[in-house]
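Here are the chains, one letter per residue:
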Amino acid sequence: MALGVSKIRSEKAVFMKVRENRCFASDRRSLLSRMSHLVILLLSVACCLKTVQAAPIDSQQVNEAIDRGVAYLKRVQSPRGRWFDLSGQADGVTALCTLALLNAGVPPEDPTVQKALGELRRQSTNKTYATALKTMVFCIAEPEKDLVLIRRNVKWLERVQKRDGKSSGAWSYGENSMAGDNSNSQFAILALHEAERAGVAVDQDTWRRAMEYWQRTQNPNGSWGYTPGAPGTGSMTCAGVAAAVITSIRLAEQESRVEGNQVICCGARDDRDTIARGLDWLGRNFSVQRNPGRDAQAGRERANWVYYYLYGLERVGRLTAQRLIGGHDWYREGAERLVRDQDKLSGFWKSPSRVEEHPHIGTSLALLFLSKGRRPVVIARLMHGPGDDWNHHRAGLTQLTAYTEQRWQRDLTWQVIDPKTARTEDLLLAPVLLVNGSQAPQLTARDKRNLRDYVDRGGFLFGEACCDGEAFDRGFRQLMEEIFPEPEYRLRLLPPDHPIWHAEERVNPDYLRPLWGIDYGCRTSVVYCPQDLSCYWELGGRKSNPKRQQKIPIQVRDSVQAAQAIGVNVLTYATGREPKFKQLLPSQLASEQNDQPAIRGTLQVAKLLHGGGCNVAPGAVANLLRQTGRELAFPVDRQPRELLATDPQLSRYHLVFMHGRRKFRFTPAERQALRVYLERGGTLFADAICASREFAGAFREEMRAVLPDVALERIPAGDPIFTDAFGGYSLAQVTRRDPARRAAGGPLKSRLRKVSPDLEAIRIGDRYGVIFSPYDISCALEQHASLECQGYVRDDAAKIGVNVLMYSLQR
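Residues numbered from 1 in each chain as written. Predicted model: local features only at pLDDT ≥ 70, side-chain atom pairs only at ≥ 80, totals over all residues. Heavy atoms only, no water.

### Focus on the environment of proline 720
No. 1: Positionally, proline 720 belongs in the loop between β16 (713-714) and β17 (734-739).
No. 2: Residue classification places proline 720 among the partly exposed residues on the basis of a relative accessible area of 39%.
No. 3: Considering only alpha carbons, one finds proline 720 and tyrosine 807, 87 residues apart in sequence, at a separation of 8.9 Å.
No. 4: Proline 720 has contacts with Ala725 and Phe726, leaving out every residue within four places of it along the chain. (Helix = DSSP H or I, 4+ residues; strand = E, 2+ residues; numbered from the N terminus. Buried < 20%, exposed > 50% of the residue type's maximum accessible area, 1.4 Å probe, protein only. Contact = heavy atoms within 4.5 Å.)

So, in structure tokens, the structure goes:
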């Protein structure tokens, strides 16, 4: 054992020496970097500089750019609450700037927004752009207060829509303008869409004429131009795709329909390829540096309206649930351009376009792209074979997401993920993956490994059999056995008291569907419904239009409500109502280089086996080690070694980790071995899963048996372990989730509190040999913590873990 202790101390010393060398090397690299920058600057003055590729941006840079843009618009608002364009016009520009601020997260009660709303309410206009933009602002800011104005504007837009000729279904600049165009038409469609979301009905004939217009005017190559027959451009093709999506949703051109008192879930689909052809053109001509398309007369690439095009590109990506367009990560590439285009001192944007060079307009369009494009992805649909069997009820997730937005009172989005090109990191952009269909899902061995890794890292699988899919039912059950071969992970019927039935809203017991689940880690991580849900989600879109809602029988509406309740309950249970803003992933090459398994000279941690649920959160330690290696540039072995306390190999590890949820007991031999390990320099770090009192009580009892002469005591708030003294984080305050008492029939709730970290420890000599958290850390590290799980939020759980790990290396 003495050799083992020597090994621990030697490992610490070597590790710290490596760290010092790395810091020294980092300082040298920093100095060389500064010298290189000086040389580059001098060369550029001499006009001899070659192009240097900039480093990729990250999410923090995007957030900072948004904050600077918001601050700029607030600063330049006139005392009356207006903004202006180059010609001094304020009507539409004020609405555009207000729309940008609202989407960037500025609340309606903010003084800047309130001044702008007051000005917009006083204005009267007969222009399509201004009317449409004002309507969108009213629908987002204070729809109840401005319901009369919204209805008035909707009636005006309906009245001025073209009704004959080749422009039938389009809009022009105003009531007396002659021909319609696709730019005005796009804004009218967006305003009417937001009006229906706010509860104001739009006449079905208006939607019908608009849909027929966009289908009729699409160019043979899939694009749209400014007017029918004009050469296609990126901005107008984005307008066409978005309008096609919106009108198809509003007209309920879907698989599901109601006939009498019956719901037909898998009827004929509208297989017109209007949207697909538009996306294909955008993919072939993708760019974020220009507005794609050629000027028919000059034969030159369009350099203008690029920010307007990016605003449309964001809408296409979001409405069609595409993370990639033509193989391009449209949000990352667009964000990289905009972050670098911004005037960092003043915070504004302006593009080479004559109109967009005015910073009020350029800044608004840039903010709309950056803020709307980063909306949290709450769910993704997983593509799989055979064919497009994965894509039944195409509007189902759109409607479920919209329903969830209403319940949570926040903007959300969803995506489609192709497993053939997706890495685990790509899958993790969505907290929930929907796998549905009517046939047995076809996935490769690589796809299945990625799905297991996705769940290991906190993902959630939601399965659904569509269209009386008996083949899907058999295939999905087989898929789960392949992904989770361990016999303890099997689908089981969820009991009536499971949170899925009431996490957000209580499901009507008269319309219950059987739900199956797999308990994995700290929660149920797979939920499967062998009956249609997305069919009813799709029908739920009719509820936003009172005229269509009247056509649905009461019993069908109740079935739709039950399906929506199950859907939103799954999303609430899986995310705790806390989906993350869209994250910018590094390139695949960089990710692979940073994720290579370490072999020699690495930090290694052991995991203690016991009978109290030692593998309830199997990925917690691996995730902690992965974050430690990534953020602090440490070489780590991401797979902890699972050992019994009596294993002779235990002495090789300076830190051993354990967690649990149930009562347990060590054997006398295990207590003796653990005592020797601790007294000779080892450190034990433990936490109670979801603040389990049963495990905490057993752990304290066992520690009294292992070390009877000392006791667990709370670590003082000012202790160095809660600072960056050992290379970790300053943790004076952390965020802890405490479940709140739930009212009968009400949704699950939790309260986030700012508290001092609560760790207990046993001091052995001049160090902490045992460190224990009575609140959850492990489930948070797995991203599995639910609303009912008392413990630290994920970021703070990881920081506490890193600090404990760094402390153990110093002692």
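### Digging into the sheet that holds β16
No. 1: One open sheet holds the 7 strands; their spatial order is β13-β12-β14-β15-β20-β19-β16, and the pairing between them is mixed. The sheet is open, and its two borders are formed by β13 (641-643) and β16, each paired with just one other strand.
No. 2: As defined by bridge partners, strand β12 (residues 606-608) adjoins β13 across 3 bridges and the pair is classed as parallel. Bridging from a neighbouring strand, alanine 606 pairs with arginine 641 of β13. (Pairing = 2+ DSSP bridges.)

### Focus: the state of the cysteines
No. 1: Scanning the entire structure with this criterion turns up 3 disulfides.
No. 2: One disulfide in the model links cysteine 265 with cysteine 535; its S-S distance is 2.1 Å. On the sign convention where negative is left-handed, the bridge of cysteine 265 and cysteine 535, at about -90° about the S-S bond, is left-handed. One end of the pair, cysteine 265, is in the loop between β2 (262-264) and α10 (274-284); the other, cysteine 535, is in helix α18 (residues 534-539), and 270 residues separate them in sequence.
No. 3: Taking the relative accessible area as the measure of exposure, cysteine 535 reaches 0% and is therefore buried.
No. 4: One disulfide bridge connects cysteine 266 with cysteine 467, the sulfur atoms lying 1.7 Å from each other. One disulfide, between cysteine 266 and cysteine 467, carries an S-S torsion of -85° and so falls in the left-handed class. Of this pair, cysteine 266 sits in the loop between β2 and α10 while cysteine 467 sits in the loop between β8 (460-465) and α17 (470-483), and the two are 201 residues apart along the sequence.
No. 5: Look at cysteine 266 and you get partly exposed, because its relative accessible area is 33%. (Disulfide = S-S within 2.5 Å.)

### Concerning the side chain of arginine 452
No. 1: The topology assignment puts arginine 452 in helix α16 (residues 445-456).
No. 2: Here arginine 452 falls in the buried class, since its relative accessible area comes to 16%.

### Topic: the environment of leucine 491
No. 1: Tracing the backbone shows leucine 491 in the loop between α17 and β9 (492-493).
No. 2: Residue leucine 491 is classed as buried on the basis of its relative accessible area, which comes to 17%.
No. 3: A C-alpha to C-alpha distance of 4.9 Å links leucine 491 and isoleucine 518, two positions 27 residues apart in sequence.
No. 4: Discounting chain neighbours no more than four positions away, the residues touching leucine 491 are Arg477, Met480, Trp516, Gly517, Ile518, Val526 and Tyr528.

### With respect to the sheet that holds β8
No. 1: One open sheet holds the 7 strands; their spatial order is β6-β5-β7-β8-β11-β10-β9, and the pairing between them is mixed. Across the chains shown, the open sheet's two edge strands, defined by having one partner strand only, are β6 (413-417) and β9.
No. 2: The sheet contact formed by strand β7 (residues 432-437) and β8 spans 6 bridges and is parallel. Across the sheet, valine 432 pairs through a bridge with phenylalanine 460, a residue of β8.

### Topic: unusual backbone geometry
No. 1: Across the junction of glycine 385 and proline 386, the peptide omega takes the value 0°, indicating a cis bond.
No. 2: Backbone geometry at cysteine 690 places phi at a positive 50°, although glycine is not the residue there.
No. 3: Summarising the element assignment, cysteine 690 is placed in the loop between β15 (683-688) and α24 (693-706).
No. 4: Located in the positive-phi region is alanine 691, a residue other than glycine, with phi close to 60°.
No. 5: By secondary structure assignment, the location of alanine 691 is in the loop between β15 and α24.
No. 6: Residue class for alanine 691 comes out buried when judged on its relative accessible area of 16%.

### Here we look at the nonpolar core
No. 1: If you look at the biggest cluster of nonpolar residues, it comprises 91 residues, and the most contacted ones within it are Leu313 and Leu370.
No. 2: Not counting residues within four places of it along the chain, the set of residues in contact with leucine 313 comprises Cys238, Phe286, Val288, Ile325 and Trp330.
No. 3: If you look at the next biggest cluster of nonpolar residues, it comprises 44 residues, including Val616, Leu625, Phe657 and Met806. (Core = buried A, V, L, I, M, F, W, Y, C linked by side-chain atoms within 4.5 Å.)

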